[in-house]
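Secondary and tertiary structure notes
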Amino acid sequence: MSEVKLAAQTRTEFGKGAARRIRREDQVPGVLYGHGTEPVHLTLPGHELLLALRTPNVLISLDIEGRSELAIPKSVQRDAVKGFLVHVDLLLVKRGEKVAVEVPVQTEGELAPGNFLLEHVLNALPIEAEATHIPESVTVSVAGLEAGASIHAKDVVLPSGVSLAVDEDAVVIQVLAAQVEEAPAESAEGETSEA
């Protein structure tokens, strides 16, 4: 689990105009909440935050005007066209505290020979883990699987200290037989088809 340090300032201006001014200065408006505390409205450095968010469930060590806080991203809003960060919600966490997050599911290995398709029913697996030990992803082996095979949540090997936050019988990945389209039947000689 990577930890990224970011400097943040509290903000007192709200609304679209204030948010646009913040974004023009390569900053991102955000909110820090959790543990029954009042939400803290922040301004975060845009480029550094964008780099940090490339890691799923990154642990962010915030320096808020001299006060240090730990947080994980809870909700990230991006511009639909250009992809820049519009707003971020951060969840306050403490070292040793368990949090519920979703981690990406990655596959390794080759399916059995044949015309098979791999379907990710769950692209991300809901888990509970200590805030400072959240795995970046979980890896599932699909080596040799054929059509009809499926991998359930209980079959995924999790690191120590990590538990499932989903029904253990939930399907994570399944293998399907690819459907082959039949060639259209040729009409008999001499017959004409009318439209």
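In this report, the structure presented in the accompanying data block is examined.

Glancing now at the pattern of salt bridges. Across all of its chains, the model carries 3 salt bridges by this definition. A salt bridge links glutamate 69 to arginine 67; its shortest N-O distance comes to 3.0 Å. Owing to a relative accessible area of 38%, arginine 67 belongs among the partly exposed residues under this scheme. The partner of aspartate 169 in a salt bridge is lysine 154, with the nearest N and O atoms 3.0 Å apart. Of this pair, aspartate 169 sits in the loop between β12 (163-164) and β13 (171-177) while lysine 154 sits in the loop between β11 (150-152) and β12, placing them 15 residues apart in sequence. Residue class for aspartate 169 comes out partly exposed when judged on its relative accessible area of 42%.

What follows is about the sheet that holds β13. Pairing within the open sheet is antiparallel, and its 3 strands lie in the order β8-β13-β11. The open sheet has two edge strands with one neighbour each: β8 (116-120) and β11. The average undirected angle you get between the axes of adjacent strands in this sheet is 10 degrees. Inspection of the sheet shows β11 paired to β13 by 3 bridges, in the antiparallel sense. Its bridge partner lying in β13, serine 150 is registered against glutamine 174.

Cut-offs and rules
- Residues numbered from 1 in each chain as written.
- Predicted model: local features only at pLDDT ≥ 70, side-chain atom pairs only at ≥ 80, totals over all residues.
- Heavy atoms only, no water.
- Salt bridge = Lys/Arg side-chain N within 4 Å of Asp/Glu carboxyl O.
- Buried < 20%, exposed > 50% of the residue type's maximum accessible area, 1.4 Å probe, protein only.
- Helix = DSSP H or I, 4+ residues; strand = E, 2+ residues; numbered from the N terminus.
- Pairing = 2+ DSSP bridges.
- Axes fitted to C-alpha atoms, helices over the stretch in contact; angles between N-to-C directions.

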